[in-house]
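# Residue-level structure breakdown
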Amino acid sequence: MPSLFAYLRSVYMGKDKKYYGGQAVIEGVMMKGTNLYATAVRTPEGDIAVDKRENETVLGKYKLFSLPIFRGMSVFLDSLVIGTKILMNSAVIAGEEEEEGEPSKFEKKLMDKFGDKLNDVLIYASVAVSVVIALLLFFMLPVWIGNFFADSVGTYLLGVVEGLIRICIFLIYIYAISRMKEIQRVYQYHGAEHKTINCYEAGEALTPENVLKHTRLHRRCGTSFMLIVMAVSMIVFIFIRTDNIWIRLVSRILLVPFISGISYEIIRWAGRSDSSLVKIISAPGLCLQKLTTAEPDESQIECAIAALVSVLRIEEPDSIPFYRAEWRYLPTED
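Below is a short write-up of the structure. (Residues numbered from 1 in each chain as written. Predicted model: local features only at pLDDT ≥ 70, side-chain atom pairs only at ≥ 80, totals over all residues. Heavy atoms only, no water.)

### Things to note about the sheet that holds strand β4 (residues 48-54)
Paired through backbone hydrogen bonds, the strands of a sheet run either parallel or antiparallel to each other. In space, the four strands of this open sheet follow the order β1-β2-β3-β4, with antiparallel pairing throughout. Each edge of the open sheet is held by one strand with a lone partner, namely β1 (21-25) and β4. Between one strand axis and the next, the sheet turns by 15° as a mean value, whatever way the strands run. One ladder, built from five bridges, connects β1 with strand β2 (residues 28-32); its direction is antiparallel. The partner of alanine 24 across the bridge, within β2, is valine 29. Here helix α6 (residues 181-201) sits on the sheet and contacts β1, β2 and β3 (36-42); the angle it forms with β1, its principal contact strand, is near 160°. In the packing of helix α12 (residues 298-315) onto the sheet, contacts are made with β2, β3 and β4, and the angle to β3 comes to roughly 155°. (Pairing = 2+ DSSP bridges. Helix = DSSP H or I, 4+ residues; strand = E, 2+ residues; numbered from the N terminus. Axes fitted to C-alpha atoms, helices over the stretch in contact; angles between N-to-C directions. Contact = heavy atoms within 4.5 Å.)

Right under this line is the structure:
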């Protein structure tokens, strides 16, 4: 039964429901709204540093990329660029990287060449390297391994075989990095992000006590998105039938944006529906999130609350009567 808080909030704010997403970073959480994103990071001194910025987009400024399928391509690229930038910044704030220091000869050459744009160049270079590694690991490697099964399954089912191989590689990768101690901290912040969003979407006050009660799993998670990408690719690649391994390789790579666009529409729909079909589609991703999230402690939840409320302050100012008491986790506004 809905709480009185949820009822009052729905009456006060109307029935228009906003959806927020986020990302775990080094010792913190990023929460993203319609117009801005906020990153809350725990500093070495134990305080919470909140950095708010307007949303950035690479392709979203073009009308084409506001349409279904194409908007998913834009969101996917933006998440890579912004995500990399936030991770780099959070590492500095958390004290895991030194922001000051004598640059090397190579760094000096880069600064002379690119000047103020050096940081952007490094971010895009990091994204490019990440994309290349992902293509090699999750698309080219499955095609190469799947080629050994070409004679036994035929071209019709080769896309399905490749898809199963791709999922196996992904699961092995997820399991391997989940064993790393450093990643466990990130997974706890990932859990804090999900719990906080679930608490908000349930219409409850954003307190650590309330947030802790909620599940650390969420349908709109990037982990679920990756699984959906792999499932969609299996279906799409059924229609690309050829015995030529090079044509298969090129087609797999060229179709990645299209597949990500379809997958985005599915995950968007799944996040807004409670139908039985959605529950079935979401089940594998939710199950995998048990590996990619961990139960957070109160200090990690405070970071997630700080990030989300920083966005709510700007995007939902009418929610002030409901969240004012919880702003004690935020630094004083300038």
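### Observations regarding the side chain of serine 263
Looking at where serine 263 falls in the secondary structure, it is placed in helix α10 (residues 256-270). Serine 263 sits in the buried class, given a relative accessible area of 0%. A polar atom in the side chain of serine 263 sits 2.8 Å from the backbone oxygen of isoleucine 259. (Buried < 20%, exposed > 50% of the residue type's maximum accessible area, 1.4 Å probe, protein only. Polar contact = N/O pair within 3.5 Å; in protein donor to acceptor, adjacent residues only side chain to side chain.)

### So, the pairing of β3
Counting buried positions over the seven residues of β3 gives seven, a clear majority of the element. Burial of β3 is two-sided: the residues Leu36, Ala38, Ala40 and Arg42 facing one way and the residues Tyr37, Thr39 and Val41 facing the other way are all buried. Direction of pairing for β2 relative to β3: antiparallel, over a ladder of five bridges. Each residue of the ladder has a partner; that of glycine 28, found in β3, is valine 41. The antiparallel hairpin formed by β2 and β3 contains three residues in its connecting segment. Strand direction decides the pairing type here: β3 and β4, joined by seven bridges, are antiparallel. Following the sheet pairing, alanine 40 is matched in β4 by valine 50.

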